[in-house]
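Each chain, written out:
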2 protein chains.
Amino acid sequence: MTDSITNRDLPLGVEVRHLAALEAIALTSSFSQAAVLLGYAQSAVSQQIATLERAVGHKLVERPGGPRPVSLTSAGEVLLRHATHITARLGAAKADLDALAAGDAGALRVGTFQSASARLLPPTLSRFRDNWPRITVELRNERRSADLEELVRAGQLDLAFTDTGLFAAPLKGAELIVDPYVVMLPPNDPLAEADELDLGRLDGVRMISGSADDTCEARVFSAIERAGVRPQTIFRSDDNLTTQRLVASGMGIAIVPLLAVELFVPDAAVTVLPLAPNQRLSRSIGIVWHEDRYHSRAAEAFVETAIDVAGGIGLPHIPVITSRQRSVLV
Amino acid sequence: MTDSITNRDLPLGVEVRHLAALEAIALTSSFSQAAVLLGYAQSAVSQQIATLERAVGHKLVERPGGPRPVSLTSAGEVLLRHATHITARLGAAKADLDALAAGDAGALRVGTFQSASARLLPPTLSRFRDNWPRITVELRNERRSADLEELVRAGQLDLAFTDTGLFAAPLKGAELIVDPYVVMLPPNDPLAEADELDLGRLDGVRMISGSADDTCEARVFSAIERAGVRPQTIFRSDDNLTTQRLVASGMGIAIVPLLAVELFVPDAAVTVLPLAPNQRLSRSIGIVWHEDRYHSRAAEAFVETAIDVAGGIGLPHIPVITSRQRSVLV
DNA sequence: AGCTCGGGATCAGTATCGCTGATCTCTATT
DNA sequence: AATAGAGATCAGCGATACTGATCCCGAGCT
């Protein structure tokens, strides 16, 4: 370590409230609005920024004068990036200390994405509630699992489900389940005759895909590419059940993680096939948290419960079952 | 976003200097020593902590009374983790603003690890110096590339070479070169007869390995495991050249990245063989930086130079050359 | 042009805050 | 018991971070 003590004293006089002021200004593009946001008089904010600018030795805010909105200079932008992280971190610290104080009560902020919510979350939640009745679980749904990780990193979430499969610092995590990709077909599709699907047969086939920026979609796309075929995407859908309904109505096929398939929805009956053995594709669903943050006993218990539930879903079963009696529909 | 504005005002009155005080106490286990460290009187620190404790509503420091050293409570530990990151972040902000001000002068803190330093760094450095003479490059060597990434994350380094091959947030990076693993053999070793080495032949063979906690070593180990053999590690060495000398003196063989091999050291002549085609193993060497930090033009240029140099090293060549005239020694 | 208005800077004044230095208290040591 | 070392406490002062009033400036209106 080059030694953080000797160079820590350098940011002489920079204090949290200055950074908060900078953020408020960035947000509102106005000193006076920033002031009301922070509960100060306008002159206070004006002086705070002046002090901050003196402290760091840079002009941070561009004041065009007159009624025009103010903006950050490039130095201001640079500092702002750090400021947001610092205040976020402080918020996280507060949350941690609250959680510590709350003990077995308090809140647990959990992030989920669609297909985790569908199958994994309800049983986890209900079992968790039985054992930790005084914990309020606050759920937050995001479309992309990467966004959830970002929220955990920023301290806005205590736990998040993820399907990226990697727990790089500052994230720690546990793997819950390996979820194989399967093909959803209209029940009477000719491709449904086989016991499995070879991606090579998808040339020109009509497909319902996920959003282009989805990790799932990326995985599927690269697998298809690897197989050297070009199906045609006739529709993109964010929503698993929508996709399934589209498939059920015969519009095309879809390749989705098994957990995303709703087997028992009457009007969305589809046939599910595994992929050919040498083309097997899967995602690993896990749960992550921030290594630096206080991991309450409740959070710990939530993770344990999730692991337990995931084990109970019995991944070994499902693909076997589905591939046998491969047309599963009500 | 749940909105960082509404809950930002919660850490009422917590300021940077309080966190700095907490850190100093954690470091010294003493109020008075913390005070001299920070340049305050002892009473000041005492009051700062008191204020901080009042602000967060937790006892943070355990004062056993008398001459016994103080320690942090669990709440103190929790807060400390955040505090270190916050102050580190502030330091990074300072460094960024300095770099911004310095323009084409100033410092660039670059992290390296052994085998990157050996081959990639010198030409990069010399070319960089030609174009950016006023930039001081501060080098820092770490044994493990993961540690370097940690330093970049903490803002202690502006750039770092890496061999983990992944640029997960908050790190961004560029790939420089793919470095294949090769076998180093004593020149007269019977295994050196072949044009390549099949890991399957390593059962019981004496090996010089790397440290057990090294990523390189982990990769090699798992490849060997996959091949289903059990060589015997007779020695572990951190130092590439030491390893090579040990091999040269006939003590055993070693599997190392090609860039780690010193081809022209007189008293360390070894034979180098590629691995069998289906057992090819490589690492990807890249260079990383922090996505939130100010990426100066100099840093940008350094990356470009490194990419350029890496391209010039001509990875295509070397393995071919070595496998042909496979005994390379002076 | 001149006027007006919105928004930031400035300034005086004050209440607060944060530091120092001296003193007090406590506990382990002798 | 006396001592020494370490933190808490307190008075006091100097710095500072607010408020509120005022000034200043540029854009847009008439």
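Residues numbered from 1 in each chain as written. Chains lettered and ligands numbered in written order. Predicted model: local features only at pLDDT ≥ 70, side-chain atom pairs only at ≥ 80, totals over all residues. Heavy atoms only, no water.

## Looking at the relation of the copies chain B and chain A
Under the fitted operation, chain B is carried onto chain A by 0.0 Å of movement along the axis and a turn of 180°, and the coordinates agree to an RMSD of 0.1 Å. On this basis, the relationship between the two copies can be described by a two-fold rotation axis. Comparing interface residues between copies, 100% of those in chain B also sit at the interface in chain A, which points to an isologous, same-surface contact. (Least-squares fit on C-alpha atoms with pLDDT ≥ 70 in both. Contact = heavy atoms within 4.5 Å.)

## Quick notes on the protein's contact with DNA strand C
Neighbouring DNA strand C are 21 residues, the closest being Phe31, Ser32, Ser46 and Arg63 of chain A together with Ala41 of chain B. Backbone atoms, meaning sugar plus phosphate, form 60% of the atoms of DNA strand C positioned within 4 Å of the protein. Between a phosphate oxygen of DNA strand C and a side-chain N or O atom of Arg68 of chain B, the distance comes to 2.8 Å. Residue classes in the surface near DNA strand C are distributed as six nonpolar, twelve polar and three charged. (Near = heavy atom within 4 Å. Polar contact = N/O pair within 3.5 Å; in protein donor to acceptor, adjacent residues only side chain to side chain. Nonpolar A, V, L, I, M, F, W, Y, C, P; charged D, E, K, R; others polar.)

## A word on the confidence of the model for chain A
The predicted model of chain A has a mean per-residue pLDDT of 84, with 91% of residues at 70 or higher. Contacts from residues 1-10 of chain A, a stretch scored under 50 in pLDDT, to residues over four places away or in other chains number 13 contacts. (pLDDT = per-residue confidence, 0-100.)

## Describing the pattern of salt bridges
Counting across every chain of the model gives 39 salt bridges over all chains. Measuring nitrogen to oxygen at the nearest pair gives 3.0 Å for the salt bridge that ties Arg89 of chain A to Asp292 of chain A. One end of the pair, Arg89 of chain A, is in helix H4 (residues 74-102); the other, Asp292 of chain A, is in the loop between strand E11 (282-290) and helix H10 (297-313), and 203 residues separate them in sequence. Judged by its relative accessible area of 12%, Asp292 of chain A falls in the buried class. Here Glu150 of chain B and Arg153 of chain B are joined by a salt bridge, their closest N and O atoms 2.6 Å apart. Taken together, the residues span about one helical turn, with Glu150 of chain B and Arg153 of chain B both in helix H7 (residues 145-153) at a distance of three residues. (Salt bridge = Lys/Arg side-chain N within 4 Å of Asp/Glu carboxyl O. Helix = DSSP H or I, 4+ residues; strand = E, 2+ residues; numbered from the N terminus. Buried < 20%, exposed > 50% of the residue type's maximum accessible area, 1.4 Å probe, protein only.)

## Description of a nonpolar patch on the surface
A cluster of nonpolar side chains, Leu27, Val36 and Leu37 of chain A, forms an exposed patch at the surface whose accessible area comes to about 290 Å². Within the secondary structure, Val36 of chain A is located in helix H2 (residues 31-38). (Patch = residues over 30% accessible without salt bridge, like charges linked within 9 Å, V, L, I, M, F, W, Y side chains within 5 Å. Areas by Shrake-Rupley, 256 points an atom, 1.4 Å probe, with all protein chains shown as cover.)

## A short note on the protein's contact with DNA strand D
Neighbouring DNA strand D are 21 residues, the closest being Ala41 of chain A together with Phe31, Ser32, Ser46 and Arg63 of chain B. Of what DNA strand D places within 4 Å of the protein, 61% of the atoms are sugar or phosphate. The side chain of Ser43 of chain A places a nitrogen or oxygen atom 3.0 Å from a base oxygen of DNA strand D. Arg68 of chain A is positioned such that a nitrogen or oxygen atom in its side chain is 2.7 Å from a phosphate oxygen of DNA strand D. In terms of residue class, the surface near DNA strand D is made up of six nonpolar, twelve polar and three charged.

## Structural notes on the interface of chain B and chain A
The partner chain A presents 49 residues to the 47 residues of chain B that form the contact. For the pairing of chain B and chain A, the buried interface totals around 4400 Å² over both sides, and the portion due to carbon and sulfur atoms is 64%. Across the contact surface, chain B and chain A share two salt bridges. Between Glu15 of chain B and Arg17 of chain A there is a salt bridge, with the nearest N and O atoms lying 3.3 Å from each other. Linking chain B to chain A there are 16 residue pairs in polar contact (both at pLDDT 80 or more). At the level of elements, helix H1 (16-28), helix H2 (31-38), helix H4 (74-102) and H7 of chain B are the ones that each hand at least two residues to the side of chain B that touches chain A. In terms of residues, the side of chain B that touches chain A owes the most to one element, H4 of chain B, which gives 19 residues. (Buried area = accessible area lost by both parts, 1.4 Å probe.)

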